[in-house]
Structures are given as structure tokens and as C-alpha cells.
Amino acid sequence: DLVTTGASNDIQQVASIAKKMVKEWGMSDKVGRVAISSGRSGPSFMGGGGGGGGAGWGSNIMGECDGEVERLVNNAYLRCKTLMLENKPLLDHLAKTLVDQEVVSAEEFQMMLVEFKVSTTDFSVFPEDRNREGLPFKDMPAMV
């Protein structure tokens, strides 16, 4: 569970997308269908206008936004970790093959998926809890 500097950009990207999902694209049932903008146009409900910038939203809604971003990031991390651990033999084989031949064709990769009996996972919405106990870090990074 050691999070290295090599993964820091990936974590920043996940956090950035989660933040946009909640604050710009209205993709949170808990926060609602709002776009909380930090630009000059101000906050708006989806399809409507508004004014005043991000400061126009109260601390409660901003706290809910932060909680939703944390929930999305934590659950994405846990889902990714599970998938990687479940498919470790395939990932090890893929890494060795790439070291040996530098390139893997789509057909070769498909054969590896069959050889290692990889199955698809059902898409499901992330659970409502933040799942902090399964993380190597317990709180969101200071910069999101």
C-alpha cells in the first residue's frame, strides 16, 4: 500500500475528475444537479444562471462537495487495487512480455486475457460510505 511519487499524478487526475463530477457536472445525488463554478460566471443550477462565484455557496454545500469528492476518490482507489490484485498474474506476465519484446499486439493481449481467465466486472455505483479504513492514507490530500 505504499503510494509512490510515480502514482501522485494519477491520484491528482482522479481527484481532479471527481471534483469536476461533483462541482461542475452535477453528477452527485447528494449535492444535487448544480454547477459550482469558481469562474466569473458564478454558480448555477444546471441550465440556469447565477452570480457571485464559488463564495455564493455556503460552507455546508461546500463540505458536502468535499465529502463526495473524497468518497469517489477513496472508492476508485479501492476498486482499482482490488482489480489489480485479482489480476496480478496477468499484470506480471504482461510486464515481463513488454520487457522482452517492448510491444504487445491487441491479439496477444486478448490471448493473455483468455489464458489468465480474466472476466469483466459489473459496473456499479460506488457505495455511499467513504471507506477510509482500506486506504494507505486516511484523509484526502490537502490539494485536490
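Residues numbered from 1 in each chain as written. Predicted model: local features only at pLDDT ≥ 70, side-chain atom pairs only at ≥ 80, totals over all residues. Heavy atoms only, no water.

*Asks:* Explain the packing of helix α2 (residues 59-86) against helix α3 (residues 88-101) to me, please; I cannot follow it from the model alone.
*Replies:* The relative placement of two packed helices is expressed as an angle between their axes plus a distance between the axes. One can describe the packing of α2 onto α3 by two numbers: an axis separation of 5 Å at closest approach and a directional angle of 70°. As summarised for this structure, α2 and α3 are arranged roughly perpendicular, according to the angle between their axes. Here α2 contributes M84, L85 and E86 to the contact with α3, which in turn contributes K88, P89 and L91. Taken together, the residues of the contact of α2 with α3 break down into 4 nonpolar, no polar and 2 charged. (Axes fitted to C-alpha atoms, helices over the stretch in contact; angles between N-to-C directions. Helix = DSSP H or I, 4+ residues; strand = E, 2+ residues; numbered from the N terminus. Parallel < 35°, antiparallel > 145°, perpendicular 65-115°, else oblique. Contact = heavy atoms within 4.5 Å. Nonpolar A, V, L, I, M, F, W, Y, C, P; charged D, E, K, R; others polar.)

*Asks:* Mind showing me how you'd approach the nonpolar core here?
*Replies:* Nonpolar side chains tend to gather and get buried jointly when the protein is soluble and globular. Of all hydrophobic cores here, the largest spans 13 residues; its most connected members are V22, V31 and I36. Of all elements in the fold, only α1 (8-23) and α2 reach the threshold of two or more residues within this core. If one sorts the elements of this core by residue count, α2 sits on top with 5 residues. Each residue touching V31, except ones within four places of it in the same chain, is listed here: V22, I61, E64, C65 and E68. (Core = buried A, V, L, I, M, F, W, Y, C linked by side-chain atoms within 4.5 Å. Buried < 20%, exposed > 50% of the residue type's maximum accessible area, 1.4 Å probe, protein only.)

*Asks:* Sorry if this is basic, but what is going on with unusual backbone geometry here?
*Replies:* With the exception of glycine, most residues fall at negative phi, and the peptide bonds are largely trans. The phi dihedral of E102 is positive, around 70°, even though this residue is not glycine. By the element assignment, E102 lies in the loop between α3 and α4 (106-115). The exposure class of E102 is exposed, given its relative accessible area of 67%. One non-glycine residue, K117, lies in positive phi territory at about 50°.

*Asks:* Where do I start with the pattern of salt bridges in this structure?
*Replies:* Any two side chains of opposite charge can pair, on the condition that their charged atoms come close. In the structure shown here, the tally under the stated rule is 5 salt bridges. K23 is the salt-bridge partner of D66, the closest N and O atoms lying 3.8 Å from each other. Taken as a pair, D66 in helix α2 and K23 in helix α1 lie far apart in primary sequence, 43 residues in all. (Salt bridge = Lys/Arg side-chain N within 4 Å of Asp/Glu carboxyl O.)

*Asks:* Hey, could you run me through the packing of α3 against α4 in this one?
*Replies:* Where α3 meets α4, the axes come as close as 10 Å, and the angle between the chain directions of the two elements is 150°. Regarding the angle of α3 to α4, the classification is roughly antiparallel. By crossing handedness, the relation of α3 to α4 is classed as right-handed. Residues L90, H93, L94, T97 and Q101 of α3 pack against E108, F109, M112 and L113 of α4. (Left-handed = near helix turned anticlockwise from the far one by under 90°.)

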